[in-house]
Amino acid sequence: MAKRVLIAEDEPNIVTSLEFLMGQIGCDYQTAVNGEEALRAAADFRPDLMLLDVMLPLKSGFEVCQTLRGNEALRKIKIIMLTAKGRETEVAKGLALGADAYITKPFATRELLDTVKRLLGE
Amino acid sequence: MLTAPLIVIASFAYVGLLFAIAYYGDKRADAGRSIIANPYIYALSLAVYCTSWTFYGSVGRAATSGIGFLPIYLGPTLMAALWWYVMLKIIRISKQNRITSIADFIASRYGKSQMLGGLVTIIAVIGIIPYIALQLKAISNTFTIILQYPNLAPAEHVGTPLFLGDNTFYIAMLLAAFTILFGTRHLDATERHEGLVAAVAFESLVKLLAFIAVGLFVTYWLYDGFGDIFDRAAQTAELSALLTFGGEVGNYATFASLTLLSMAAIMFLPRQFQVSVVENVDERHLNKAIWLFPLYLLAINIFVLPIALGGLMHFPSGTVDADTFVLTLPISERVPWLTLFAFVGGLSAATGMVIVETIALSTMVCNDLVMPVALRARSLRLTERRDLSGLLLGIRRGAIVLILMLGYLYFYLAGEAYALVSIGLISFSAVAQFAPAIIAGIFWRGGTRDGAVCGLAAGFLVWTYTLLLPSFAKSGWLPIDYLEQGLFGIDLLRPQQLFGLEGFDAVTHCLFWSMLANIGGYIAVSLAQRPSAAEHGQATVFVDAFRQSGATAGPRLWRGSASVNDLLALLGRFLGPERARETFESYARSRGARSVESLAADASLGHHAESLLAGAIGSASARVMVASVVEEEPLGLDEVMNIIDEASQVLAYSRQLEQKSRELEAASQNLRDANQRLQELDRLKDDFISTVTHELRTPLTSIRAFSEILRDNPRLDDAQRAQFLGTVIKESERLTRLINQVLDLSKIESGNAEWHSSEIDMREVVDDSVSAVSQMFKENGVQLDVRLPQELPSIVADRDRLMQVMLNLLSNAAKFCKRPGGRVSIALARQDGFLRVDVTDNGIGVSESDKEIIFEKFRQVGDTLTNRPQGTGLGLPICRQIINHFGGRLWVQSQPGEGATFSFTLPFNPALPQARAAA
């Protein structure tokens, strides 16, 4: 059964590239362009993994992450935080909130795919 | 042999000689060859201090109290040691301010107060009257005695009728006549009488020689030298007591208080002030006088004790008044020439004193008492009279007669009850009242007019109550009960045991209480109030006399303007037209002006006129009179500040300190603010960099991702390949644009941007921008309307920058307008002297809360994938910076859902006339 990935990202071109990459490794995927949509999609689509941009409109990636980790039904979703802000404090904050991995933009596609595969394989 | 006519003729001849000297002195002075311009004459003139009190009285005093006569000469000797500072300062002040009397001095010090001048005059006149009476008594007694020559008859005056039946009255009137001749032949602004000084110096010499002659006669003719006299005296118990301290009169308190009194007297007796200060021609003369004058005192006192002891031993006890020994000893030995010489010496001492004293007093009465009142009394119409110089002389002559009459009356009423010295001490005590106001006045800035009035009045009242009135009581003219039981029978108010203070002699007792009241009142009142501006100014002039050059002392405080003729006319009324003209002519010469008419009527001329007038009518009245013809301007803030600065050095210093600490505080506050601003800027910079970083990473992420996808998937279908490559190119362009705009904005914000301003027509800029975007609008199906006016004044700006703004606004409009059916319009118009450009679209509009946010950096509005604008978030901030740079304004008006209008204004070219008309 194909793994499911939710792409939460507001920059259309990045979304396009991530969709291509997820399709390439045989995952089902859905897209959300803001934080609230991401939370709704998480509940409806029940993804195994979430590619979560930090700088999302309406609700930030940090808030989405925190909400998911506090939800009994959704807490098992693997989360990879994506951010253009690569500061150490932000990395630490994301991991502290329960993100499984933290990848800074611009990312290497192979590194992203390796991380996705590793988390889905566990 | 010594007949009455001979004595009278000798007396008149002597006075005639004095008058001749005075006349000669005046003539020489007018010719500019002063005969008194040497320190020896000056020192001799100071010896006017030695009157018949010294000539006759000292011997009388010594005969009753031994060395009790000495303090009167020790005081001046001690004081002379301080002259180099105290007297020099008073002379300097008086010359700088043209001060003509002691009343003038005190009035001038305390803000040119007429009231104070009047008070000092009254005190001086009343205080000095006993002293004049003393001289009359001495002349009268000695004249009576010498008429009896060679018999020795006690001088009995009691019982003679008042005035016309009394020789003394004629003596007083003759003295008045002499004084008028000596002192008031004409008016002089400086109030100086060179001839008089010469005569006084001469009489000082005569009385000294006469006294020494009698002394030598007694010591070496009657006896065999000093040793002989003192040996004989020591053998008599009575006499030997005179040679030691102790006993009732010899106690230390009296000795000390008499020394103090005479220290004050040598400075502040009106006649001493006259000769030592007013008549001083060169302050360097003081240096010699400091030792010459005490030497004179020593010389005239050497033979006092020998004459006193000789007289006491020569005459049977009590038969001859010791006050007359100087005359009666030669008479008893029948030495006519010496008798006459002694008489002339005594007459000389008395007349010298009376003449100088009454001239000084009459000047004060005229300048500080009568004129201030007369000038104010409208009914007299004095201010309208053309020539007042005659009136001034008349007032002075009247004052001289009046003062001598009062002296005569006092002599008649109280003269017999006292010895010569005791009468003199009453006057000394009165004069001592001036000491606090003067001494403190020249060293302490804090003294005020009210303080001086209080101190003087209090001291004078105490003096009147404890010394003057008792002298009448003792003579029987007031009920003696008042003396013995106190006023209203109140024991504490006994005038010579006031508040139970006993054990002192009358003079010491008076000195104690009057000085307590005087100094206490002066200091207490002065401290309780702040000096007024006038008092402050005068305090500075007096206290800082040594620090000022004479020329700047006055005019600095005198501001105003008047015509030369007004001043001349004013002066003419008081000095006489000819004299006024003369003084102005000499002033003009000293100024290098060709004539009086060519003089500038400036502050310095006004001050000159005021000081000339001050000599005639006193400084306080002079100020009022000059002010009446001068439109005097009030002191400016600068001058007031100067006065305050000078008058309170300490204040200024502490103000400086305060200022410094305030400056320091301000500087450290500035530092704190700057630091805070730097921190704020630092934070803003961090935010900006962080934002820029984020904005740069976003397109980079797409570029890298698609590049790697293309690399890793060589077998992608063509369509997808083309899409991905297109995205890479677009994102690269976006990145380039972003970098350019960041650099652009940072250059504008840091002020390093280059602006190429020229005169431009905004319509052309609009046309060019419209053609630049027309293709893009066509592709997006957006309709573009342009409304341009026929005529438009030019503006001065950077054409490329305005193009940048227009393109930015037009592409924004195209981006946000309705799809389909998009419509954008451009309008140009004049508004309040500005050019206004509106770019209107029919898109979604801007919400109220976003109207300012969109002009902030990186603050794009839009939250969904579909309406997310393609931009950098820097376009509008840059546009606003550009418009602001050219003095305009950029803003947006919008109703959400009904489109938005972006408008900006720019000022018209200010060099154009129609731009101003448009404004």
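Residues numbered from 1 in each chain as written. Chains lettered and ligands numbered in written order. Predicted model: local features only at pLDDT ≥ 70, side-chain atom pairs only at ≥ 80, totals over all residues.

1. Some remarks on the overall build of chain B
Our working definition: By definition, any uninterrupted DSSP run of H or I lasting at least four residues is a helix, any uninterrupted run of E lasting at least two residues is a strand, and each is numbered from the N terminus. The exposure label follows from counting other C-beta atoms within 10 Å of a residue's C-beta, where the C-beta atoms are placed from the backbone and the thresholds are 20 or more for buried and 12 or fewer for exposed, leaving partly exposed in between. Contact between two residues is assigned whenever their backbone-derived C-beta positions fall within 7 Å.
A count of helical and extended segments in chain B gives 36 helices and nine strands. When each of the 919 residues of chain B is scored for burial, the buried share is 46%. Once local pairs closer than 6 in sequence are excluded, the contacts in chain B between residues at least 24 apart make up 82%.

2. Focus on the overall build of chain A
Check the secondary structure of chain A and you find five helices and five strands. In chain A, which comprises 122 residues, the share counted as buried stands at 44%. Sequence separation of 24 or more characterises 60% of the internal contacts of chain A that already satisfy a separation of 6 or more.

3. Overview of the interface of chain B and chain A
Where we set the bar: When residue character is reported, Ala, Val, Leu, Ile, Met, Phe, Trp, Tyr, Cys and Pro are called nonpolar, Asp, Glu, Lys and Arg charged, and the others, Gly included, polar.
Facing the 19 residues of chain B at the interface are 20 residues of chain A. Those elements that provide at least two residues to the side of chain B that touches chain A are α31 (649-712) and α32 (718-750) of chain B. Among the elements that make up the side of chain B that touches chain A, the one with the highest residue count is α31 of chain B (13 residues). When its residues are assigned to classes, the side of chain B that touches chain A shows five nonpolar, seven polar and seven charged.

4. Some thoughts on the environment of Ile-883 of chain B
All names here are of chain B. Inspection of the secondary structure assignment puts Ile-883 in helix α35 (residues 875-885). For the pair Ile-883 and Val-805, spaced 78 residues apart in sequence, the C-alpha to C-alpha distance is 8.2 Å. In this structure, Ile-883 is in contact with Val-805, Gly-888, Arg-889, Leu-890 and Phe-904, ignoring residues within four places of it in sequence.

5. As for the packing of helix α34 (residues 799-816) of chain B against α35 of chain B
Residues and elements named next belong to chain B. Cut-off, in case you're wondering: An axis is simply a line fitted to the C-alpha atoms; with a helix, the fit covers only the stretch in contact. Between two such axes, the angle follows the N-to-C directions and lies from 0 to 180 degrees. It is the rotation of the near helix from the far one that decides the hand of a crossing: anticlockwise by less than a right angle makes it left-handed, clockwise makes it right-handed.
Here α34 crosses α35 at 145°, and the two axes come no closer than 10 Å. Where α34 crosses over α35, the handedness of that crossing is left-handed. Between α34 and α35, the residues in contact are Arg-801, Gln-804, Val-805, Asn-808, Leu-809 and Asn-812 and Gly-875, Cys-879, Ile-882 and Ile-883, respectively. Tallied by class, the residues present in the contact of α34 with α35 amount to five nonpolar, four polar and one charged.

6. Details of the sheet that holds strand β7 (residues 834-841) of chain B
Note on sheets: strands pair through backbone hydrogen bonds, and any given pair is parallel or antiparallel. All names here are of chain B. We count it as follows: Pairing between two strands is assigned when DSSP locates at least 2 bridges connecting them.
Pairing is mixed in the open sheet, where five strands are placed in the order β4-β6-β7-β9-β8. For this open sheet the edge positions go to β4 (783-787) and β8 (889-894), each flanked by a neighbour on one side alone. On average, each strand axis in the sheet is tilted by 15° relative to the strand beside it, whichever way the strands run. Note that β7 and strand β9 (residues 900-907) share eight bridges and pair antiparallel. Within β9, the residue paired with Asp-838 across the bridge is Ser-903.

7. As for helix α2 (residues 35-45) of chain A
Side chains that are three or four residues apart share a direction in an α-helix, a result of its 3.6 residues per turn. Taken together, the buried positions of α2 of chain A are Gly-35, Glu-37, Ala-38, Leu-39 and Ala-42 of chain A. Taken from the residues just after α2 of chain A, Arg-46 of chain A is the one with a positive phi, measuring 45°.

8. Examining the sheet that holds strand β1 (residues 4-8) of chain A
Residues and elements named next belong to chain A. What the five strands build is an open sheet, ordered β2-β1-β3-β4-β5; its pairing is parallel. At either margin of the open sheet sits one strand with a lone partner, and together these are β2 (28-32) and β5 (101-104). The sheet shows a mean angle of 20° between the axes of neighbouring strands, direction not considered. Sitting on the sheet, α2 is in contact with β1, β2 and β3 (49-53), with an inclination near 170° to β1.

9. Observations concerning the pairing of strand β4 (residues 78-83) of chain A
All names here are of chain A. Rules: Seen with its strands pointing away from the viewer, a crossover is right-handed when the path leading from the first strand over the helix to the second is clockwise.
The element β4 is largely enclosed, with a buried count of six among its six residues. The two faces of β4 match: Lys-78, Ile-80 and Leu-82 on one face and Ile-79, Met-81 and Thr-83 on the other face are all buried. Bridging between β3 and β4 involves five bridges; their strand directions are parallel. Counterpart to Leu-51 in the pairing with β4 is Ile-80. Handedness of the β3-helix α3 (residues 61-69)-β4 crossover: right-handed. Direction of pairing for β4 relative to β5: parallel, over a ladder of four bridges. Residue Met-81 lies in a different strand from β5, and its bridge partner there is Tyr-102.

10. Focus on the pairing of β1 of chain A
Residues and elements named next belong to chain A. Most of β1 sits inside the fold, with four of its five residues counted as buried. Looking at chain direction, β1 and β2 are connected through five bridges and run parallel. Looking across to β2, one finds that Val-5 is bridged to Tyr-29. Chirality of the crossover, the property in question, places the unit of β1, helix α1 (residues 12-24) and β2 among those that are right-handed. Pairing geometry for β1 and β3, over four bridges, is parallel. Of the residues in β3, the one forming a bridge with Ala-8 is Leu-52.

11. Examining the nonpolar core
Generally speaking, a soluble globular protein has its nonpolar side chains buried in company with each other. What counts here: Throughout this description, the term nonpolar core refers to a group of buried Ala, Val, Leu, Ile, Met, Phe, Trp, Tyr and Cys residues whose C-beta atoms join them within 7 Å.
Counting residues in hydrophobic clusters, the biggest one holds 204 residues, and the most contacted among them are Ile-106, Val-120, Phe-268, Ala-308 and Val-326 of chain B. Dropping the residues within four chain positions of it, Ala-308 of chain B is found in contact with Val-59, Ala-62, Ala-63, Ala-322 and Phe-325 of chain B. With 41 residues, the next largest nonpolar core counts Leu-51, Phe-62 and Val-116 of chain A together with Val-728 of chain B among its residues.

12. Observations concerning unusual backbone geometry
In this model, Lys-105 of chain A is joined to Pro-106 of chain A through a cis peptide bond whose omega is -10°. In this fold, Pro-106 of chain A is placed in the loop between β5 and α5 (109-121). Positioned with a positive phi, Asp-832 of chain B is a non-glycine residue whose angle comes to about 50°. Residue position: Asp-832 of chain B is located in the loop between β6 (823-831) and β7. Here Asp-832 of chain B falls in the exposed class, since 8 other C-beta atoms lie within 10 Å of it.

13. Considerations on the confidence of the model for chain B
All names here are of chain B. Note the cut-off: The pLDDT value tells you how sure the predictor is about a given residue, anywhere from 0 up to 100.
Overall, the prediction assigns chain B a mean pLDDT of 80, with 85% of residues at 70 or greater. A low-confidence stretch, residues 643-648 (pLDDT under 50), is modelled with 12 contacts involving residues beyond four sequence positions or located in other chains. Taken as a whole, residues 915-919 scores under 50 in pLDDT and shows nine contacts with residues more than four places along the chain or in a different chain. The ipTM, which scores confidence in the relative placement of chains, is 0.91 for this predicted complex, and the corresponding pTM is 0.57.

14. Thoughts on α1 of chain A
Residues and elements named next belong to chain A. For the record, the criterion: Under the convention used throughout, the expected extent of a helix is 1.5 Å for every residue step, that is, one less than its residue count.
Helix length check: α1, at 13 residues, gives a terminal C-alpha distance of 18 Å against a target of 18 Å (1.5 Å per residue), a fit within 8%. Within α1 the residues assigned to the buried category are Asn-13, Ile-14, Val-15, Ser-17, Leu-18, Leu-21 and Met-22. Gly-26 occupies a position one or two residues after α1 and carries a positive phi of about 80°.

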